[in-house]
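# Structure at a glance
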Amino acid sequence: MKHLLSIDDLDVESLTDLLDLSEHFVAVNQRDIPKVPALRGKVVASLFYEDSTRTRLSFETAAKRLSCDVMTFSVSQSSVKKGESLLDTVQTIEAMGIDAIVIRHPAAGAPHRVAEWTDASVINAGDGRHAHPTQALLDALTLRRHRELNGLRVAIVGDVRHSRVARSNVKALDLLGADVTLVAPPTLLPESLEGWPVQVSHDFDDVISEVDVVMLLRMQFERQGEALFPTVREYTARYGLTEARAERLKPDALIMHPGPMNRGVEVAASVADGPASLVTEQVANGVAVRMAVLFSLLGSGATIA
Amino acid sequence: MSVLDAGDLRRAQTRIAHEIVERNRGAADVVLVGLYTRGLAIARRLTAAIAEFEDLDVPVGALDVSFYRDDIGLRAVTPTGPTEVPVDITGRVVVLVDDVLYTGRTVRAAMDALTELGRPRAIQLAVLVDRGHRELPIRPDFVGKNLPTRIGEDVRVRLHEVDGGLDSVELRAETIDGGEEGMVPA
């Protein structure tokens, strides 16, 4: 495997291999010295054209724990402000000698274009509404550490329409045998769900007592150009994981959120911080999963053969 | 060609167990750390042997050296199991245990992996078979059998708890395009 652009690049076997490899990095991250020399001398450039704290930090931490050198490209302080094109930027950093590009971009498909332009491995850290494969991997890893995924009932709740996290998670969870239900008002679902291996519900209260996992999505106010629901308060009343609604969950149900959370909107603060919440584990596992992805892409030997 | 049978292996392990205790004047400070997969099995056998004649439980750890190898990127490197050392190795004598010593590169990786867990007072090396052809300045402290080999040959250690069947060490001729392996002519 040369790039990781989408969960479509993986099959059950390679996905499972990546999760198994991630477990080894979970163990590395628990050591006193959470660092290995595995990718010494490799250079990873992180190219974030969209705001991000956890994903960028997570990738950079992952790269450093593998002893890579990290080149951080901050769009707001770069020549992009002077009108430099994506192609020029990629050619420039490639000329400095890099082995991988981690890219986040508001345009769906941008990482695929970059992969055509460069000899480096490209990792999609989120492109528009399209894909966020490492988020799906870390969610799968987090869930797998608690539950058998085959047959697991997962509700993905909220702004599916604008969510690359939902798109990637649906694919990964389906590959691993989970049953996914999307829960959202019609205005927050994609126009077509053809080919999506999911069930759909517009009523959170209908499904809440039946699911094993609730995966909440962030309300993506920045991507919503129009009014898609009457008020935030009404959205929360119908689709938020409020304290009252959380009471109706199965006793061992798990709660996930990719972050950053709009506390009080899609999830009540007390629920997000409660014992059923896997949110901090998701963040910790994110580093391990990204180490596994970098190690697979840069340490496999495929690039030399 | 079988070079060691189950009886030879048992005697070699017993001798190594005695040598470890003798060399370290008892084994109170010793930790045995086996390299996946067969080194770990041998380390467990050594600790069982020491328990019999010394009335002492020497701790056994497991070490995966994948992320410390120097051939990452040259071939697919996949970790085998979790690194688990049950005691703090700082100040102790760590005996690294592996089945076959060849180029020494695995042992080099193991020493790097080990020193990230602590600062042992000393690191010693026990191997069942030393087949020669070292590429690094590494020598074993305890050896089951010195086995002169050609570079293309393959030394196969079979242990019943890992491979099933009887313990044995075999020397096989170079394999050609993954075909059936021929035996070395006697």
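Source: prediction; values computed, not measured.

Conventions used here
- Residues numbered from 1 in each chain as written.
- Chains lettered and ligands numbered in written order.
- Predicted model: local features only at pLDDT ≥ 70, side-chain atom pairs only at ≥ 80, totals over all residues.
- Pairing = 2+ DSSP bridges.
- Helix = DSSP H or I, 4+ residues; strand = E, 2+ residues; numbered from the N terminus.
- Axes fitted to C-alpha atoms, helices over the stretch in contact; angles between N-to-C directions.
- Domains from an automatic or database assignment.
- Nonpolar A, V, L, I, M, F, W, Y, C, P; charged D, E, K, R; others polar.
- Contact = placed C-beta atoms within 7 Å.
- Buried ≥ 20, exposed ≤ 12 C-beta atoms within 10 Å, placed from the backbone.

Bringing the sheet that holds strand β3 (residues 100-105) of chain A into the picture now. Residue and element names in this part refer to chain A. What the four strands build is an open sheet, ordered β2-β1-β3-β4; its pairing is parallel. In the strand order of this sheet, the two ends are held by β2 (69-74) and β4 (121-127), each with one partner. Geometrically, the sheet is characterised by an average inter-axis angle of 15 degrees between neighbouring strands, direction not taken into account. Across five bridges, the pairing between strand β1 (residues 43-48) and β3 is parallel. Opposite Phe48, over in β3, you have Arg104 as the bridge partner.

A word on the domain arrangement of chain A. Residue and element names in this part refer to chain A. On domain assignment, one finds that chain A holds domain 1 (7-131 + 283-298) and domain 2 (147-277). Centre-to-centre, using C-alpha coordinates, domain 1 lies 27 Å away from domain 2. If you list the elements that add at least two residues to the side of domain 1 that touches domain 2, you get α1 (12-29) and β4. Partitioned by chemical class, the residues of the side of domain 1 that touches domain 2 number four nonpolar, three polar and four charged.

Turning to the interface of chain B and chain A, a few remarks are in order. Taken together, the contacts link 13 residues of chain B with 12 residues of chain A. The class makeup of the residues in the side of chain B that touches chain A is eight nonpolar, two polar and three charged.

Right, let's get into the sheet that holds strand β8 (residues 213-216) of chain A. Each strand in a sheet pairs with another by means of backbone hydrogen bonds, the pair being arranged parallel or else antiparallel. Residue and element names in this part refer to chain A. In space, the five strands of this open sheet follow the order β7-β6-β5-β8-β9, with parallel pairing throughout. In the strand order of this sheet, the two ends are held by β7 (198-201) and β9 (254-256), each with one partner. Each adjacent strand pair in this sheet contributes to an overall mean axis angle of 20 degrees, direction not counted. Relative to β8, strand β5 (residues 153-157) runs parallel, the two sharing four bridges. Paired with Val157 across the strands is Leu216, a residue of β8.

Turning to unusual backbone geometry, a few remarks are in order. Glycine aside, residues mostly have negative phi, and peptide bonds are mostly found in the trans state. The omega angle of the peptide bond from Gly259(A) to Pro260(A) is -10 degrees, so this bond is cis rather than trans. Note on placement: Pro260(A) falls in the loop between β9 and α10 (269-272). Cis geometry marks the peptide bond from Tyr36(B) to Thr37(B), where omega comes out at -5 degrees. Structurally, Thr37(B) can be placed in the loop between β2 (30-35) and α2 (38-54). A positive phi angle is found at Ser67(A), which is not glycine, with a value near 70 degrees. Assignment of secondary structure puts Ser67(A) in the loop between α2 (54-65) and β2. Accessibility expressed as a C-beta count within 10 Å gives 15 for Ser67(A), which makes it partly exposed.

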